[in-house]
Amino acid sequence: LDRADAVARYLYLKYGSPHQEVMGALYLDSRSRLIALEEFFRGTINRTVVEPRALLRVGLTLGAAAMVLFHTHPSGDPAPSSEDLALTRRLDEAADVVGIRLVDHLIVGTATRWISLRDRGWR
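Keep in mind it's a predicted model, so treat the numbers as computed, not measured.

What's the story with the pattern of salt bridges in this structure? I'm lost.
Pairing between side chains becomes possible if they bear opposite charge and their charged atoms approach one another. Taken as a whole, this structure holds seven salt bridges when the rule is applied. For Asp29, the salt bridge identified is with Arg33, shortest N-O distance 2.7 Å. Note that Arg118 is salt-bridged to Asp119, the shortest N-O span being 3.7 Å. For Arg118, a relative accessible area of 32% translates into the label partly exposed.

Set out below in C-alpha cells:
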C-alpha cells in the first residue's frame, strides 16, 4: 500500500457507494505494510465529526509507523472541502508530534474518482 492508486482501489472495494460519509485510517508498519484498517466515524449524507485524538491513540497502540487517513464522499465527487484540508493539516501536525507519519489523506468518491491530498500538495 505504498501508492495512492492502490490504496484508493482497496478502499473502494470496501466502501464503494456508501450512503453516508465514512472516515477511517489504514495503519502501516515501517515498510508500508498494512497493520490494521480502522473505521472511526460515520457521518450523515455529507458530514462527519472527526477527532484526531482517537485516530492517533489507535496508531500508538498498534505501534504504527505511518497512517493513511481516508474518507468517502457519497456524492461521488471527491473534491476536498476546506474542512477536509484543515483536518489534514491538523492531523499531520499532531501525528508528527507523536512519531506517526501521515502518508496521505484519500477521498474516495467512486471507483474511478478519488483524490490524494498528498498528490495535491497539502504538505
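And the narrative resumes.
I tried to follow unusual backbone geometry on my own but got confused; where do I start?
Excluding glycine, most residues fall at negative phi; most peptide bonds, likewise, are trans. In this structure, Ser32 is a non-glycine residue whose phi angle is positive, near 65°. Tracing the sequence through the fold places Ser32 in the loop between strand S1 (22–28) and strand S2 (34–42). Judged by relative accessible area, Ser32 falls into the partly exposed class, the value being 22%.

Whenever I open this one, the sheet that holds S2 confuses me. Can you help?
Two orientations exist for strands paired in a sheet by backbone hydrogen bonds: parallel and antiparallel. Reading across the sheet, the five strands line up as S2-S1-S3-S4-S5 and stay open at both edges, with mixed pairing between neighbours. Edge positions in the sheet fall to S2 and strand S5 (114–116), since each has one partner strand and no second. Recorded for the sheet is a direction-independent mean angle of 20° between the axes of neighbouring strands. The pairing of S1 with S2 spans seven bridges and is antiparallel. Directly across from Ala25, in S2, lies its bridge partner Glu38. The sheet strands contacting helix H3 (residues 82–98) are S1, strand S3 (66–72) and strand S4 (101–108), and the helix crosses S4 at an angle near 160°.

Basis of the calculations
Residues numbered from 1 in each chain as written. Predicted model: local features only at pLDDT ≥ 70, side-chain atom pairs only at ≥ 80, totals over all residues. Heavy atoms only, no water. Salt bridge = Lys/Arg side-chain N within 4 Å of Asp/Glu carboxyl O. Buried < 20%, exposed > 50% of the residue type's maximum accessible area, 1.4 Å probe, protein only. Helix = DSSP H or I, 4+ residues; strand = E, 2+ residues; numbered from the N terminus. Pairing = 2+ DSSP bridges. Axes fitted to C-alpha atoms, helices over the stretch in contact; angles between N-to-C directions. Contact = heavy atoms within 4.5 Å.

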